[in-house]
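Report on the structure
What follows is the residue order along each chain.
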Amino acid sequence: MNDANCELDELDVALLTALSENPRVGDLELSRLTKVARATVQSRLKRLTESGVISDWDPSVDAAAAGFPVQAFVTLEIAQGALDDVAADLAGIPHVLEAYVTTGSSDVLCKVATPSHQELQATLVRLNRSASVVRSTSVMVLSVLVPPRILPLLRTATPTRPGRAPAYRRT
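**Things to note about the nonpolar core**
- Within the largest apolar cluster, 17 residues are counted, with the highest numbers of intra-cluster contacts made by Leu 8, Leu 16 and Leu 30.
- Residue assignment for this core shows that the elements contributing at least two residues are helix H1 (10–21), helix H3 (38–50) and helix H6 (151–156).
- Counting residues per element, this core draws most heavily on H1, which supplies 6 residues.
- Contacts of Leu 16, omitting those with residues within four sequence positions, involve Leu 8, Leu 48, Val 53, Ile 54, Leu 151 and Leu 154.
- Among the nonpolar cores identified, the runner-up in size contains 16 residues, and Leu 76, Cys 110, Val 112 and Val 133 belong to it.

See below:
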């Protein structure tokens, strides 16, 4: 992922929306949906990918539907200077879906998913066995209130530049 900030315009958001709503659509159909030339779609997608705005083309997989319905958020307090060690430990645990360095009373926030409560307990024990973890706290996920999303946020941004494709028309 590129750390450069990519300014999005209305056409970029329209393309991202169309991709989100139609993930298997091709460039030609994206061109039709956004009412811009196919070459414009291709160049925009290339720019969005190279800038890291589109981070991957993997399918979205629901962990619960895939057999891992027991999910929790786990905060870790770690030993001073042990971030690299903790990162390596977490990467070695397949039940850790995500991990973020945070501010506040904990140092790391993880999301874990397991097939059962018993397996969650085993995963928590494994997390606590890391020599760098001083303390952990877990919070069970009961249900999803707002699923992962990005489009509402993108739509709040005021474009700092107009769309470069003169034929683009909002629908």
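**Observations concerning the pattern of salt bridges**
- For the coordinates displayed, the defined rule picks out 5 salt bridges.
- Its salt-bridge partner being Asp 12, residue Arg 44 comes within 2.7 Å of it at the nearest N-O pair. Here Arg 44, found in helix H3, pairs with Asp 12, found in helix H1; they are 32 residues apart in sequence, far enough to count as distant. Side by side, Arg 44 and Asp 12 carry an identical accessibility label, which is buried.
- In this structure, Asp 12 and Arg 47 form a salt bridge, with 2.7 Å as the shortest nitrogen-oxygen distance. One end of the pair, Asp 12, is in helix H1; the other, Arg 47, is in helix H3, with 35 residues separating them in the sequence. Arg 47 carries the same exposure label as Asp 12, and that label is buried.
- One network of salt bridges, in which partners are shared, links Asp 9, Asp 12, Arg 44 and Arg 47.

**A look at unusual backbone geometry**
- With a phi close to 60°, Lys 35 is a non-glycine residue in the positive phi region.
- Along the chain, Lys 35 turns up in the loop between helix H2 (27–34) and H3.
- Accessibility expressed as a relative area gives 39% for Lys 35, which makes it partly exposed.

**A word on the packing of H2 against H3**
- One way to put it is that H2 packs onto H3 with a least axis distance of 8 Å and a crossing angle of 105°. Judged on the interaxial angle alone, H3 and H2 are roughly perpendicular. From H2, Asp 27, Leu 28, Leu 30, Ser 31 and Thr 34 reach across to H3, where they touch Arg 38, Val 41, Gln 42 and Leu 45.
- In the contact of H2 with H3, the residues fall into 4 nonpolar, 3 polar and 2 charged.

Thresholds, definitions, all that
- Residues numbered from 1 in each chain as written.
- Predicted model: local features only at pLDDT ≥ 70, side-chain atom pairs only at ≥ 80, totals over all residues.
- Heavy atoms only, no water.
- Core = buried A, V, L, I, M, F, W, Y, C linked by side-chain atoms within 4.5 Å.
- Buried < 20%, exposed > 50% of the residue type's maximum accessible area, 1.4 Å probe, protein only.
- Helix = DSSP H or I, 4+ residues; strand = E, 2+ residues; numbered from the N terminus.
- Contact = heavy atoms within 4.5 Å.
- Salt bridge = Lys/Arg side-chain N within 4 Å of Asp/Glu carboxyl O.
- Axes fitted to C-alpha atoms, helices over the stretch in contact; angles between N-to-C directions.
- Parallel < 35°, antiparallel > 145°, perpendicular 65-115°, else oblique.
- Nonpolar A, V, L, I, M, F, W, Y, C, P; charged D, E, K, R; others polar.

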